[in-house]
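What follows is the residue order along each chain.
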Amino acid sequence: MASASDALGDILDAAARGSFPPPDGTVTVVPQPGHRDAGVIAFTAHSVVFTDEDPRWVRDTLASLDCDPLAVTMSARFHSAFLDRTGRLTDTIDLLTVAAVLPGAPDPRLGLRELDDRDHPRVARARKHRDDVRVWSAAAGGVLVIGRGVAGRWETAVEVEEGARHRGLGRALAGAARHLVPEGDVVWAQQTPGNARSVRAFQAAGYRPVGSEALFFAG
């Protein structure tokens, strides 16, 4: 992820290599990498809040909440305070995972076909949260999305049609993404923890958990 030169990008680059912030129970506050993306990433006993709000407000708000200090950045109380102050929106708290890029092309048996329709619902949805979005459909009934998300990192997401589930297609698509990002880089993916099927698929495809993430986006 060489293009990400901001403070958050440096933290993500290090985490992708297995070098994490110290597990000392503290919170690091850094600027947003861009207007679109604000939020929180919680590593083991260390959180990173990325926002253009005054860092003193972040720290004062966290200190005022009656919550476990190790969990407070991911608490509903802090997120509500953040959203009220900024007018932003959020969806959920995700498991944040990462995998190294693999050489060569994806398995041809997937029958991946790139979609050029910018009005396709999956393309339009992805473009709200990522840049340089590319979308492929799989012959068996799935969709693979790749684009540049938070701090310029490469991100992927997959969807599998109901009739094509329970056959390993989600795992295969997640693995295919590792062949479609520039060599020498990494690819990130978020999964809602309650979606155990997605969590299993990405981990089976070689993605390792690095933390949890909540994104706050402009309405």
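That block above? That's the structure.
Not measured: the values here are computed from a predicted model.

J.: So what's going on with the overall build of the chain? Which residues, and what values?
T.: Within the chain, the secondary structure is distributed over six helices and ten strands. In the chain, which comprises 219 residues, the share counted as buried stands at 48%. Sequence separation of 24 or more characterises 63% of the internal contacts of the chain that already satisfy a separation of 6 or more. For the chain, the accessible area works out to roughly 10,800 Å², and carbon and sulfur atoms hold 50% of it. A distance of 5 Å separates the average location of the 25 positive side-chain charges in the chain from that of its 28 negative side-chain charges.

J.: Provide a residue-level description of the pairing of strand E10 (residues 208-217), including the pertinent values.
T.: By the bridge criterion, five bridges tie strand E2 (residues 38-43) to E10 in an arrangement that is antiparallel. Paired with valine 40 across the bridge in E10 is alanine 214. As paired elements, strand E4 (residues 89-100) and E10 share eight bridges and run antiparallel to each other. Residue pairing in the sheet places isoleucine 93 in a bridge with alanine 214 of E10.

J.: So what's going on with the side chain of glutamine 191? Residues and values would help.
T.: One can find glutamine 191 in strand E9 (residues 186-191). At 3.4 Å, the side chain of glutamine 191 forms a polar contact with the backbone oxygen of alanine 189. For glutamine 191, the contacting residues outside a window of four places in its chain are Asp94, Leu95, Thr97, Ser198, Val199 and Phe202.

J.: Could you give me a rundown of the environment of glycine 219, with the residues and numbers involved?
T.: With respect to the helices and strands, glycine 219 occurs in the segment after E10. With 129 residues separating them in the primary sequence, glycine 219 and threonine 90 have C-alpha atoms 9.2 Å apart.

J.: How would you summarise the nonpolar core if you had to cite specific residues and measurements?
T.: Counting residues in each nonpolar core, the largest one holds 21 residues, and the members touching the most others are Leu144, Ile146, Leu169, Leu173, Val181 and Tyr207. Listing elements by their share of this core, those giving two or more residues are strand E6 (131-138), strand E7 (142-148), strand E8 (154-160), helix H5 (169-177) and E9. Per-element tally for this core: the top contributor is H5, with five residues. One finds Ile11, Ile41, Val186 and Val210 within the second-largest nonpolar core, a separate group that totals 17 residues.

J.: Would you mind going over the side chain of aspartate 37 in detail, with residue names and values included?
T.: Its place among the elements puts aspartate 37 in the loop between strand E1 (26-30) and E2. Engagement of the side chain of aspartate 37 in a polar contact is seen with the side chain of arginine 36, the distance being 3.1 Å. With residues near it in sequence (within four places) discarded, aspartate 37 still touches Gln32, Phe50, Arg88, Gly149, Val150, Ala151 and Phe216.

J.: Quick one: what's the story with the packing of aromatic side chains, residue by residue and with numbers?
T.: All told, the structure shown has six aromatic pairs when counted by the stated rule. Seen in terms of ring centroids, phenylalanine 202 and tyrosine 207 are 5.0 Å apart; in terms of plane orientation they differ by 80 degrees. Their pairing is edge-to-face. The exposure classification of phenylalanine 202 matches that of tyrosine 207, with both residues buried. Taken together, Trp57, Phe78, Phe82 and Phe216 form an aromatic cluster joined through their ring pairs. In this structure, arginine 153 packs its charged tip against the face of tryptophan 188, placed 5.5 Å from the ring centre.

About the criteria used
Residues numbered from 1 in each chain as written. Predicted model: local features only at pLDDT ≥ 70, side-chain atom pairs only at ≥ 80, totals over all residues. Heavy atoms only, no water. Helix = DSSP H or I, 4+ residues; strand = E, 2+ residues; numbered from the N terminus. Buried < 20%, exposed > 50% of the residue type's maximum accessible area, 1.4 Å probe, protein only. Contact = heavy atoms within 4.5 Å. Areas by Shrake-Rupley, 256 points an atom, 1.4 Å probe, with all protein chains shown as cover. Lys, Arg positive; Asp, Glu negative; His and termini not counted. Charge placed at Lys NZ, Arg CZ, Asp CG, Glu CD. Pairing = 2+ DSSP bridges. Polar contact = N/O pair within 3.5 Å; in protein donor to acceptor, adjacent residues only side chain to side chain. Core = buried A, V, L, I, M, F, W, Y, C linked by side-chain atoms within 4.5 Å. Phe/Tyr/Trp six-rings, centres within 6.5 Å; stacked < 30°, edge-to-face > 60°. Lys NZ or Arg CZ within 6 Å of the ring centre and 35° of its normal.

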